[in-house]
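Here are the chains, one letter per residue:
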Amino acid sequence: MTTMTMAKALNAGLRRAMGAEPKVLLAGEDIGKLGGVFRVTEGLQAEFGPDRVIDSPLAEAGIVGTAVGLALRGYRPVVEIQFDGFVYPAFDQLVSQASRLRFRTAGKLGVPLVVRIPYGGGIGAIEHHSESPETYFAHTPGLKVVTPASPSDAYWMIQQAIAADDPVVFLEPKRRYHDKGEVDLDQQSAELSLFSARVVKPGTEATLLCYGPMVRTCLEAAMVAEQEGRSLEVVDLRSLSPVDDAVVLASVRRTGRAVVVHEAARTLGLGAELAARIQEQCFYELDAPVLRVTGYDLPYPPSRVEDGYLPDLDRVLDAVDRSLRW
Amino acid sequence: MTTMTMAKALNAGLRRAMGAEPKVLLAGEDIGKLGGVFRVTEGLQAEFGPDRVIDSPLAEAGIVGTAVGLALRGYRPVVEIQFDGFVYPAFDQLVSQASRLRFRTAGKLGVPLVVRIPYGGGIGAIEHHSESPETYFAHTPGLKVVTPASPSDAYWMIQQAIAADDPVVFLEPKRRYHDKGEVDLDQQSAELSLFSARVVKPGTEATLLCYGPMVRTCLEAAMVAEQEGRSLEVVDLRSLSPVDDAVVLASVRRTGRAVVVHEAARTLGLGAELAARIQEQCFYELDAPVLRVTGYDLPYPPSRVEDGYLPDLDRVLDAVDRSLRW
Amino acid sequence: MIEPEAGPDFVQLLDAGGNRVERTDFSCTAPDVELATDLRDMVLTRRIDSEATALQRKGELGLWPPSLGQEAAQIGSARVLRDPDVIVPSYREHGVAWCAGIDPLDLLTTFRGTGMTDWPSRPDTFHPYSFVIGAQTLHAVGMAMALQRDGLVGNDDAATNGAVVVYFGDGATSQGDVNEAFLFAASYAAPVVFFCQNNQYAISEPIELQSRIPLYRRAAGYGFPGVRVDGNDVLAVRAVTEWALDRARRGDGPVLIEAYTYRMGAHTTSDDPTKYRQNEELDAWRAKDPIARLRAYLERAGAIDQAWTDALDAEAEALAVRLREGCVRLPEPELSDFFTQAYADTPELLLAQRDAHQAYEAAFEEPR
Amino acid sequence: MIEPEAGPDFVQLLDAGGNRVERTDFSCTAPDVELATDLRDMVLTRRIDSEATALQRKGELGLWPPSLGQEAAQIGSARVLRDPDVIVPSYREHGVAWCAGIDPLDLLTTFRGTGMTDWPSRPDTFHPYSFVIGAQTLHAVGMAMALQRDGLVGNDDAATNGAVVVYFGDGATSQGDVNEAFLFAASYAAPVVFFCQNNQYAISEPIELQSRIPLYRRAAGYGFPGVRVDGNDVLAVRAVTEWALDRARRGDGPVLIEAYTYRMGAHTTSDDPTKYRQNEELDAWRAKDPIARLRAYLERAGAIDQAWTDALDAEAEALAVRLREGCVRLPEPELSDFFTQAYADTPELLLAQRDAHQAYEAAFEEPR
Ligand SMILES: Cc1ncc(C[n+]2csc(CCOP(=O)(O)OP(=O)(O)O)c2C)c(N)n1
Ligand SMILES: Cc1ncc(C[n+]2csc(CCOP(=O)(O)OP(=O)(O)O)c2C)c(N)n1
Ligand SMILES: [Mg+2]
Ligand SMILES: [Mg+2]
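Residues numbered from 1 in each chain as written. Chains lettered and ligands numbered in written order. Predicted model: local features only at pLDDT ≥ 70, side-chain atom pairs only at ≥ 80, totals over all residues. Heavy atoms only, no water.

Enquirer: Give a description of the pattern of salt bridges that names residues and reports values.
Expert: In total, this model carries 111 salt bridges over all chains according to the counting rule given. Between Arg-198 of chain B and Asp-153 of chain B there is a salt bridge whose closest N-O contact spans 2.8 Å. Highlighted residues: Arg-198 of chain B in strand β9 (residues 198–201) and Asp-153 of chain B in helix α7 (residues 151–163), separated in sequence by 45 residues. Of the charged contacts in the structure, one is a salt bridge between Arg-112 of chain C and Glu-60 of chain C, with a shortest N-O distance of 2.7 Å. Taken as a pair, Arg-112 of chain C in helix α4 (residues 104–112) and Glu-60 of chain C in the loop between α1 (32–57) and α2 (71–78) lie far apart in primary sequence, 52 residues in all. A relative accessible area of 6% places Arg-112 of chain C in the buried class. Take Glu-60 of chain C: its relative accessible area is 23%, and that puts it in the partly exposed class. One connected set of salt bridges, linked through shared partners, spans Asp-245, Glu-273, Arg-277 and Glu-280 of chain A together with Arg-292 of chain B. (Salt bridge = Lys/Arg side-chain N within 4 Å of Asp/Glu carboxyl O. Helix = DSSP H or I, 4+ residues; strand = E, 2+ residues; numbered from the N terminus. Buried < 20%, exposed > 50% of the residue type's maximum accessible area, 1.4 Å probe, protein only.)

Enquirer: So, the domain arrangement of chain C: which residues are in play, and what are the values?
Expert: The domains assigned to chain C are domain 1 (32–332) and domain 2 (334–368). The C-alpha-based centres of domain 1 of chain C and domain 2 of chain C are spaced at 37 Å. (Domains from an automatic or database assignment.)

Enquirer: Summarise the domain arrangement of chain A; cite the residues concerned and give the values.
Expert: Residues and elements named next belong to chain A. As far as domains go, chain A holds domain 1 (2–183) and domain 2 (198–325). Measuring from the centre of the C-alpha atoms in domain 1 to the corresponding centre in domain 2 gives 26 Å. Counting from both sides, the interface comprises 26 residues of domain 1 and, opposite them, 24 residues of domain 2. When domain 1 packs against domain 2, the two sides together hide about 1900 Å² of surface, and 49% of this comes from carbon and sulfur. Connecting domain 1 to domain 2 are 4 salt bridges. For Glu-263, the salt bridge goes to Arg-175, with nearest N and O atoms at 2.5 Å. Scanning the region where domain 1 abuts domain 2 turns up 15 residue pairs in polar contact (both at pLDDT 80 or more). Of all the secondary structure elements, the ones that give two or more residues to the side of domain 1 that touches domain 2 are α6 (134–138), β6 (144–146), α7 (151–163) and β7 (168–173). Grouping the amino acids of the side of domain 1 that touches domain 2 by side-chain chemistry returns 12 nonpolar, 8 polar and 6 charged. (Contact = heavy atoms within 4.5 Å. Buried area = accessible area lost by both parts, 1.4 Å probe. Polar contact = N/O pair within 3.5 Å; in protein donor to acceptor, adjacent residues only side chain to side chain. Nonpolar A, V, L, I, M, F, W, Y, C, P; charged D, E, K, R; others polar.)

Enquirer: Help me get a handle on the interface of chain A and chain B, residues and values and all.
Expert: It is common to report an interface's size as the accessible area lost on association of the parts. Taken together, the contacts link 47 residues of chain A with 47 residues of chain B. Interface area for chain A against chain B, summed over the two sides, is near 4400 Å², with a carbon-plus-sulfur share of 61%. Interface area lost by chain A to chain B is led by Tyr-136, His-139 and Leu-268 of chain A, which between them contribute 17%. At the boundary of chain A and chain B, one finds 8 salt bridges. With a shortest N-O distance of 2.6 Å, Arg-100 of chain A and Glu-131 of chain B are connected by a salt bridge. Of all the secondary-structure elements, those providing two or more residues to the side of chain A that touches chain B are α4 (91–98), α5 (101–104), α6, α10 (270–281) and β14 (291–295) of chain A. For the side of chain A that touches chain B, the element with the highest residue contribution is α10 of chain A, accounting for 8 residues.

Enquirer: Please give an account of the side chain of Glu-127 of chain A that cites residues and values.
Expert: Its location among the elements puts Glu-127 of chain A in the loop between β5 (114–119) and α6. Of the polar contacts made by the side chain of Glu-127 of chain A, one reaches the side chain of Arg-104 of chain B; its length is 2.7 Å. Excluding residues within four positions of it along the chain, Glu-127 of chain A makes contact with Arg-104 of chain B together with Met-116, Thr-117 and Phe-131 of chain D.

Enquirer: Help me get a handle on the site of ligand 1, residues and values and all.
Expert: Taken together, the neighbourhood of ligand 1 is formed by 20 residues, with Glu-60 of chain B together with Tyr-91, Arg-92, Phe-131 and Tyr-201 of chain C sitting nearest. Bordering ligand 1 are residues originating from chains B and C. Here an oxygen atom of ligand 1 and a side-chain polar atom of Asp-170 of chain C are 2.8 Å apart. Coverage of ligand 1 by the protein chains reaches 95% of its 580 Å² of free accessible surface. Tallied by class, the residues present in the shell around ligand 1 amount to 10 nonpolar, 6 polar and 4 charged. (Near = heavy atom within 4 Å. Areas by Shrake-Rupley, 256 points an atom, 1.4 Å probe, with all protein chains shown as cover.)

Enquirer: So what's going on with the coordination of the magnesium ion (ligand 4)? Which residues, and what values?
Expert: All names here are of chain D. Within the first shell, the magnesium ion (ligand 4) binds the protein through Asp-170 (OD), Asn-199 (OD1) and Tyr-201 (O), at distances of 2.0 to 2.1 Å. Binding-site remark: the magnesium ion (ligand 4) is held by donors from one chain whose sequence spacing is D-x28-N-x1-Y. Taken together, the residues Asp-170 in the loop between β2 (164–169) and α6 (176–188) and Tyr-201 in strand β4 (residues 201–202) connect sequence positions 31 residues apart. (Donors = N, O, S within 2.8 Å, 3.2 Å for Na, K, Ca; no water.)

Enquirer: Outline the sheet that holds strand β2 (residues 164–169) of chain C, supporting the account with residue identities and numerical values.
Expert: Residues and elements named next belong to chain C. Here we have 5 strands laid out as an open sheet, ordered β1-β2-β3-β7-β6, and parallel in their pairing. Each of the sheet's edge strands pairs with one partner strand only, and the pair in question is β1 (86–88) and β6 (226–230). If you compare each strand with its neighbour and ignore which way they point, the axes differ by 20° on average. Bridge count between β2 and strand β3 (residues 192–198): 6 bridges; the pairing is parallel. (Pairing = 2+ DSSP bridges. Axes fitted to C-alpha atoms, helices over the stretch in contact; angles between N-to-C directions.)

Enquirer: I'd like a description of the nonpolar core, backed by residues and values.
Expert: If you look at the biggest cluster of nonpolar residues, it comprises 254 residues, and the most contacted ones within it are Phe-137 and Ile-278 of chain A, Phe-137 and Ile-278 of chain B, Phe-194 of chain C together with Phe-194 of chain D. Excluding residues that lie within four positions of it along the chain, Phe-137 of chain B makes contacts with Val-87, Phe-91, Leu-94, Val-95, Ile-117, Leu-143, Val-145 and Val-169 of chain B. (Core = buried A, V, L, I, M, F, W, Y, C linked by side-chain atoms within 4.5 Å.)

Enquirer: Residues and numbers for the side chain of Arg-277 of chain D, please.
Expert: Residues and elements named next belong to chain D. Within the fold, Arg-277 resides in the loop between β7 (255–260) and α9 (279–286). The charged side chain of Arg-277 is buried without a salt bridge, its nearest counter-charge being Glu-281 at 4.9 Å. In terms of polar contacts, Arg-277 uses its side chain to reach the side chain of Tyr-262, at 3.4 Å. Not counting chain neighbours up to four residues away, the residues in contact with Arg-277 comprise Tyr-201, Tyr-262, Arg-263, Met-264, Gly-265 and Leu-282. (Lys, Arg positive; Asp, Glu negative; His and termini not counted.)

Enquirer: Lay out the relation of the copies chain A and chain B in plain terms, naming residues and giving numbers.
Expert: You can overlay chain A on chain B at an RMSD of 0.0 Å; the transform is a turn of 180° with a shift of 0.0 Å along its axis. Both chain copies can therefore be described as sitting about a two-fold axis. In this assembly, 100% of the residues forming the interface of chain A have copies in chain B that are likewise at the interface, indicating an isologous arrangement. (Least-squares fit on C-alpha atoms with pLDDT ≥ 70 in both.)

Enquirer: Residues and numbers for the site of ligand 2, please.
Expert: Around ligand 2, the surrounding shell holds 20 residues, and the nearest of these are Glu-60 of chain A together with Tyr-91, Arg-92, Phe-131 and Gly-171 of chain D. Ligand 2 sits at the junction of chains A and D, each of which supplies nearby residues. Here a nitrogen atom of ligand 2 sits 2.8 Å away from a polar atom, N or O, in the main chain of Phe-131 of chain D. Burial of ligand 2 by the surrounding chains reaches 95%, relative to a free accessible area of 580 Å². Residues belonging to the shell around ligand 2 are distributed by class as follows: 10 nonpolar, 6 polar and 4 charged.

Enquirer: Mind laying out the interface of chain B and chain C, listing which residues take part and the relevant values?
Expert: Between chain B and chain C, the residue contacts involve 39 residues of the former and 41 residues of the latter. Buried surface at the junction of chain B and chain C, summed over both partners, amounts to about 3300 Å²; 61% is from carbon and sulfur atoms. Among the residues of chain B in contact with chain C, Leu-58, Ile-126 and Arg-304 of chain B are the three that bury the most area, contributing 22% of the side total. On inspection of chain B and its partner chain C, the count reaches 2 salt bridges. Between Arg-304 of chain B and Glu-332 of chain C there is a salt bridge, with the nearest N and O atoms lying 2.7 Å from each other. Of all the secondary structure elements, the ones that give two or more residues to the side of chain B that touches chain C are α11 (306–309) and α12 (313–325) of chain B. Element by element, the count of residues in the side of chain B that touches chain C is highest for α12 of chain B, at 3 residues.

This is the structure in structure tokens:
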């Protein structure tokens, strides 16, 4: 076991994937010499050369579009979008191209592409640097969307995403880049499938459904609740598309109550889909409606007020209270 | 009262808006001489000149981006995206630019832009010509999203959208372009606000929530159900962002049952948000879970199988049966 | 429209009358017998095109984008390709598809709506048709980057080198994606030949709206060569494309070829070109027909005779019959088939949706 | 990096030593007293920049993108603007903002995170800063189309005409949006001056990655003029921008100006340029400092003296103090304020979310 930050764990995962498979390439803005603005690719260009760690011209459609071409010819490109708010110029290439080539060719072609996106708020940034675009991709057939919440998951999930034959949007919770955790670098392979959810804390009275940056927030909330004598279960979705319904529904059936927590705007955020599915599948088992603790339906606000915008421990517990009082 | 198709009603609405307000401009591919591939802008360039009805170079980001600039300088541009599947290159300009300038300037600037998009399937088209992208826009703070279901609504809603000071994504159900209906061209102004839902058929046993192309489908289903002795209420949402919750919730409270119908893929389609809201607000009033009749979570399939992909009368009634049997 | 003249800015090797034009910069070395196979390809492509157009009129296809008039640009560029070159078409390249060995019946599946672009006869080196204007140009650059990394560019043994040729229209040159493709290709010196068929229109919009100067000059702004070629002259297209391919394969980077031609038919079968262009224009271009001029030349050169022509006509007719009869017999797909085609690893949810769909359909006594 | 020399492809009117250079094509007619106000603007801009950088180091700002070294490009281009011209900046144009009359304290709100880009001192003709690379260039073209429709272009009375000047970086030229902006502007002959500050880097990426040829040549590919100017020479920037503006205002369409300069500071305060560039490079550019050369010229010309310089230093110091003290006193916003700023007509749902937020906050005994 090694203790490392999520950023370092991602770096180690990328290095291992590149070492194991020569077809793995990285591309993106400033990922080479600089090692990326978050240093996730630090040292990789020096190790694997500029043909495998490519500094791209400043154009996201170009980055994703050329990666599609590389993927179609047998490479496994991993591209970095510098910040969440800069993925939109690549939108057509992602949702209308990368996502569809397999479908268009009845499975003859595939696009084993990973699009890494540092996402989410809470880092005091200016606008366009704190967004949570997961709905856009989770709604898009043909894409898969995953997000790790811990260094260990980051290390394994990036390797699994690279090994996956479908295009994967890999969302990295940037405010957790510097959180530390244990990673077992000697292990041979991941314990959990890339698309499985995980019960990160068992509990009995209500289920907190969360992912990425909000897992830590929910765990903290569950700890506090525990001290106050309430037992909350925390489920880390890990995969947002597909969602591991079995784990989610089993948990909610056990507890009878669910609160979904995410930073993205409420309307049509992941919470909407989870609520819809849960009420469809557990109609008689629910003791309260599925509640949502989310960002507001606003553009991401200036950093001095982001704490109010982002779900935090208190807002989570407040929703739990409301659910329990139902 | 005049009988006309939806395409003609839109044309008449655009003409009236342009006649009333010299700042209204149209732009898009092939909208001038050709009058648009669906002829919605037919005759308008001849009438208002090429400075007000602008054939644009073939680039959607350019079309929307320049329209943002025009809007910022006092014009009221109405741009046409030729087909649903071609809006993605303009995604950044729509979701990250047009939608935010007001927020960025604390209300000092506004972008009174209308983006017209013929959308939806059922016309036997090749790929990229049958999509339902409403989630992408309804999830985006700062945008509004509306869709008419009848010629009369088309006529009024396009004028209201143009008069609105917020950017509006105006989704035109292309398979209904040639459906005819009554339009009162002499009326002074619209009866209903642009953002109001409408109960298009009252009923008591279950509520069908629908919009755009599915309104006719749901009305037909309700007629058949009526013959079989079941009374269904049909609500045309008209506005997808914001949703007129008051009308929706009141109807569901009355009937105790809701079925949402849309062509878009199920996961994170509008039905997810409606289900989430309804179960939040009407938890004890629901006799069955909110059910969804939607497109599947697939890219739009080839036209020879689109009938199976699209919700139709039978699938709607099947869901109603399931709801009633709960 | 300013008519280009033969000259340094407009490569022509066979004039509209079928007379060879001598130049110092480009020449076509293909023997007449090879040009005769070009003529055959062009005639058959035109027959495929007219048959498909007719099938659409009869309601057997939902849509068809005619290639009428663009045969020289397509055949001339396609016939100089060889392994490991890669072809990335747009949606009107029926002549290129023909040269790549694609069964035209396969093309019809896409426009009949019985399939997406999954054509059994498609070779790996021919990318599927693309319908989002310009998007494929970036894929092409990525594929060229793959060739570089595969060691298939700039080798001493020239025969092992390859390049990517990507097709797009005049209208496409306005898209951000296409300009980014130019830029990425220039930046990486990627082996791409950007083959733009300037057929003068993007649906109703004339080329002047997309560019106020000749399109081929766009390339200079990115630092690589652009050439305008008479797109109705198969000899010139061959010569220019071969030059560009060799340059790219050698490792000297991209070239933009503007094949100056004309869309003699409608944009697609849904289009009514009389709304936006004059008959005189069409007539002027008819006089430059790519097939007529090549036929005139080959006849004069004695490379083809009446028997050859008769045999070709019979072959074309047989092909048309095969298409006509084959089209209506194309297998009808089932929606159920598609649920496992979107992903390599299909999510449970989709399998459940498929099962629900099947159960629902099965509940109807007779198929609907 | 190939160093451009004064010559037809590189407009320079004041060399690095502060000596005037004569040319036949461009000349700067501004009298020395006006150039002295340019010097003042440049010095004050630099002071604003260094103070903001210091405030970020102290934790008072979240981020700051320094303009250090780019003062001549910014002041020279901004000072030749006049009503009804419109300015569309990117995010590093602190000198342009200064000339437009924007209170630098307002700029700080954005980087302190107390506001978005809602600066009370912002005039209508100065568009807010933009952070999505290149997106603003399309807005600029739209604004220029508005000027055309407002009758403010190509009038006989030249004083009534206007143009739009839009700022962006060398990296931005790779974006599809920027190339579409070039194309739309060319197509509509829109009165836009594309002002590219080539400061040699896009964060860590050197200009060679974005363009293998001098950037100004991109324009020729779209059919309009491009000019490279010494961006550290305020006289040359003035002359070239004035020419481009006049041309655009007259109705002759867009121009691309590449102001060849250098980002002497970090990309932003989060950046560490030692990771990707050498000290020698910085030293070489220090020798070309835009302020030093103008000061040398004006001193030699006797246009400024020690008293003038002392007064300016005092003014700069006072400005710095005002920023330092003002920054920490900038009003703190409340989240509640923002719920009604996203729409002209705020949906009920958002009002309800605001109310819920307020009620929730109110439930805490003391503000959190
Ligand atoms: C991104 C996008 N926008 C719009 C369309 C609709 N459309 C289909 S073909 C076409 C014109 C294309 O013109 P051009 O590039 O010259 O090719 P041509 O059809 O003439 O071969 C348009 C606008 C599209 N397919 N994709
Ligand atoms: C669309 C987009 N992609 C990426 C970024 C992140 N980013 C911010 S500044 C920058 C470099 C810009 O370089 P340049 O255009 O040369 O301007 P400069 O910063 O040098 O003034 C990048 C990549 C962004 N802001 N927007
Ligand atoms: Mg064309
Ligand atoms: Mg730069």
